[in-house]
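Structural overview
Listed here are the chains, written in short residue letters.
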Amino acid sequence: MAWNEPGNKGNDPWGNKGGNDKGPPDLDEVFRNLSKRFGGKGNGSSGQNFSSFSLIIILAIALAVWGLSGFYTIKEAERGVALRFGQHNGEIGPGLHWKATFIDQIYPVDVQSVRSIPASGSMLTSDENVVKVELDVQYRILDAYSYLFSAVDANASLREATDSALRYVIGHNKMDDILTTGRDAIRRDTWKELERILEPYKLGLAIVDVNFLPARPPEEVKDAFDDAISAQEDEQRFIREAEAYAREIEPKARGEVERMAQQANAYKEREILEARGKVARFELLLPEYQAAPDVTRKRLYLDTMQQVMTETNKVLIDAKNNGNLMYLPLDKLMKEKTATPDLEPKPQQNVNSSSVSTTRIGEPLSGRPSRDDRTRQGRD
């Protein structure tokens, strides 16, 4: 039976033994009952003292709990945004801090990590072709307060701005450029367009990098575009190989030109020096010839003959001694050995001196009288 049902007497937990509901009990009466249970006398003054002491203890415990609950830590890579009664109260650096609970609010934000947002889709190019593109935007938080409160969701705003910038740039470029050589230009243009869109919103974000992933044509024409891309890559490779070959040949050609120029200069200097030497020798020989013409003429003749005979293969003998001469044709043997090295050399030949082409010593090879004989005959 419930304590407040009719007929239930003496079971009121608030001490209303009459069974009549007279409202909530008096707090002093409750404390007096508690004091009696813990050994108190239950008089009015002791209950009042116990009530004040208990309240002080409760307030002290509540104050301690409130103070301890205000300690918090901001990590090294984070910055805390402080709000006091909902109003911005500054930025908190890393470390251990204290805040007034129920008065201040702290929102930690990671400002050092680099985050990324992907964007992709099928888009229409300026030449009315459809291409599938993918983009990855990397960003970092610069202003934690602007990131939290300048927009409802800064990440969603950045995602929509990225999609808008990418579609704008793709719509102003041709499909061939998007798939081949114009990818870097598209990446730069998308970066600039994205920063232009985000500037008035002041989201507190900084774009670190924009990665334009390889675009893909529709599956129906993918093979043809792959062949075109391969051909363009081959073209660039051939151009680089030709440039490398040119860089290799050009220094050799320049070296050859320089070598030929040096040889020409050396030949020129040699000829000039030889001519000057001949002139100097003639100038020195002229006074001697004028002083002793016969001696000088004889010496010049002998020097000339010595120079000529060193380069001929003629055999000169004295015609006054008519005897047999052992002649070994070394010059012919050397020629035959060079022409047919397998053949044996011919034996030595015993030839008569009359059969050998002889020339009298002191006579010219042609058989004509020498200059001295002609001069002597003229004098005679």
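**Describing the overall build of the protein**
Within the protein one finds 10 helices and 10 strands. When burial is assessed residue by residue, the protein has 21% of its 380 residues classed as buried. Taking the contacts inside the protein whose residues are at least 6 apart along the sequence as the reference set, 63% of them involve residues at least 24 apart. In the form shown here, the protein has an accessible surface area of approximately 28000 Å², with 54% of it arising from carbon and sulfur atoms.

**Some words on the nonpolar core**
Of all hydrophobic cores here, the largest spans 36 residues; its most connected members are Val133 and Ile170. Counting residues per element, the ones that place at least two in this core are strand E6 (115–124), strand E7 (130–141), helix H3 (144–149), helix H4 (154–171), helix H5 (175–179), helix H6 (183–198) and strand E8 (205–216). Here this core gets seven residues from one element, more than from any other, and that element is H4. Those residues within four positions of Ile170 in sequence are excluded, and the remaining contacts are Met123, Leu124, Thr125, Ser126, Val131, Val133, Ile178, Ile186 and Phe212. Judged by nonpolar contacts, the second largest core, of five residues, contains Tyr72, Ala82, Ile92 and Ile106.

**Regarding the side chain of Lys99**
By the secondary structure assignment, Lys99 is in the loop between strand E4 (95–98) and strand E5 (104–110). Here Lys99 is buried and forms no salt bridge, its nearest opposite-charge partner Asp104 lying at an N-O distance of 7.7 Å. Those residues in contact with Lys99 that lie beyond four places of it in its chain are Ser69, Gly70, Tyr72, Asp104 and Ile106.

**What about the sheet that holds E7?**
With antiparallel pairing, the three strands of this open sheet are ordered in space as E6-E7-E8. Unpaired on one side and paired on the other, E6 and E8 mark the two borders of the sheet. Between one strand axis and the next, the sheet turns by 20° as a mean value, whatever way the strands run. The sheet contacts of H4 involve E6, E7 and E8, and relative to E6 the element is tilted by about 35°. Along the sheet face, H6 touches E7 and E8 and points at about 140° away from the line of E8.

**Description of the sheet that holds E5**
Strand order in the open sheet formed by three strands is E3-E2-E5, and the pairing between neighbours is antiparallel. Of all strands in the sheet, those bounded by a partner on one side alone are strand E3 (87–92) and E5. Between one strand and the next, the sheet's axes are offset by a mean angle of 25°, whatever the strand orientation. When strand E2 (residues 78–84) meets E5, the two strands line up antiparallel, connected through seven bridges. Within E5, the position partnered with Val81 by the bridge is Tyr107.

**Observations regarding the pattern of salt bridges**
Counted according to the given criterion, the structure contains 14 salt bridges. Across the pair Glu134 and Arg216 runs a salt bridge whose closest N-O atoms are separated by 3.5 Å. Residue Glu134 is found in strand E7, and its partner Arg216 is found in strand E8; the two are separated by 82 residues along the sequence. The residue Glu241 makes a salt bridge to Arg237 at a minimum N-O spacing of 3.3 Å. Separated by four residues within a single helix, Glu241 and Arg237 lie in helix H7 (residues 222–291), roughly one turn from each other. For Arg237, a relative accessible area of 34% puts it in the partly exposed group.

**Concerning the pairing of E3**
Where E2 and E3 come together, four bridges link them in antiparallel fashion. Its bridge partner being in E3, Leu83 is matched across the sheet by His88. Connecting E2 to the antiparallel partner E3 that follows it, the hairpin turn spans two residues, and Phe85 within it adopts a positive phi of roughly 55°.

**Some words on the environment of Leu285**
Among the secondary structure elements, Leu285 is positioned in helix H7. The exposure class assigned to Leu285 is partly exposed, which follows from its relative accessible area of 21%. Between the C-alpha atom of Leu285 and that of Thr296, which follows or precedes it by 11 residues, the distance is 8.4 Å. Setting aside chain neighbours within four positions, we find Leu285 in contact with Thr296, Arg299 and Leu300.

**Quick word on the side chain of Ser146**
Among the secondary structure elements, Ser146 is positioned in helix H3. Under the relative-accessibility criterion, Ser146 is labelled buried at 13%. Apart from residues lying up to four places away in sequence, Ser146 is in contact with Ala151, Lys202, Leu203 and Gly204.

**Looking at the packing of aromatic side chains**
One pass over the structure, following the stated rule, counts three aromatic pairs. Measuring from ring centre to ring centre gives 6.0 Å for Tyr107 and Phe149, while their planes differ by 80°; the resulting arrangement is edge-to-face. With Tyr107 in strand E5 and Phe149 in helix H3, this residue pair connects regions lying 42 residues apart in the sequence. Residue classification places Phe149 among the partly exposed positions, given a relative accessible area of 40%. With centroids separated by 5.3 Å and ring planes inclined at 40°, the aromatic side chains of Tyr145 and Phe149 adopt a geometry described as tilted. Separated by four residues within a single helix, Tyr145 and Phe149 lie in helix H3, roughly one turn from each other. Aromatic ring contacts, followed pair by pair, group Tyr107, Tyr145 and Phe149 into a single cluster.

**Regarding unusual backbone geometry**
If you check the backbone angles, Phe102 has positive phi at about 70° while not being a glycine. For Phe102, the location among the structural elements is in the loop between E4 and E5. Given a relative accessible area of 75%, Phe102 falls into the exposed group. A positive phi angle is found at Lys202, which is not glycine, with a value near 50°. Within the element layout of this structure, Lys202 appears in the loop between H6 and E8. Accessibility expressed as a relative area gives 59% for Lys202, which makes it exposed.

Conventions and cut-offs
- Residues numbered from 1 in each chain as written.
- Predicted model: local features only at pLDDT ≥ 70, side-chain atom pairs only at ≥ 80, totals over all residues.
- Heavy atoms only, no water.
- Helix = DSSP H or I, 4+ residues; strand = E, 2+ residues; numbered from the N terminus.
- Buried < 20%, exposed > 50% of the residue type's maximum accessible area, 1.4 Å probe, protein only.
- Contact = heavy atoms within 4.5 Å.
- Areas by Shrake-Rupley, 256 points an atom, 1.4 Å probe, with all protein chains shown as cover.
- Core = buried A, V, L, I, M, F, W, Y, C linked by side-chain atoms within 4.5 Å.
- Lys, Arg positive; Asp, Glu negative; His and termini not counted.
- Salt bridge = Lys/Arg side-chain N within 4 Å of Asp/Glu carboxyl O.
- Pairing = 2+ DSSP bridges.
- Axes fitted to C-alpha atoms, helices over the stretch in contact; angles between N-to-C directions.
- Phe/Tyr/Trp six-rings, centres within 6.5 Å; stacked < 30°, edge-to-face > 60°.

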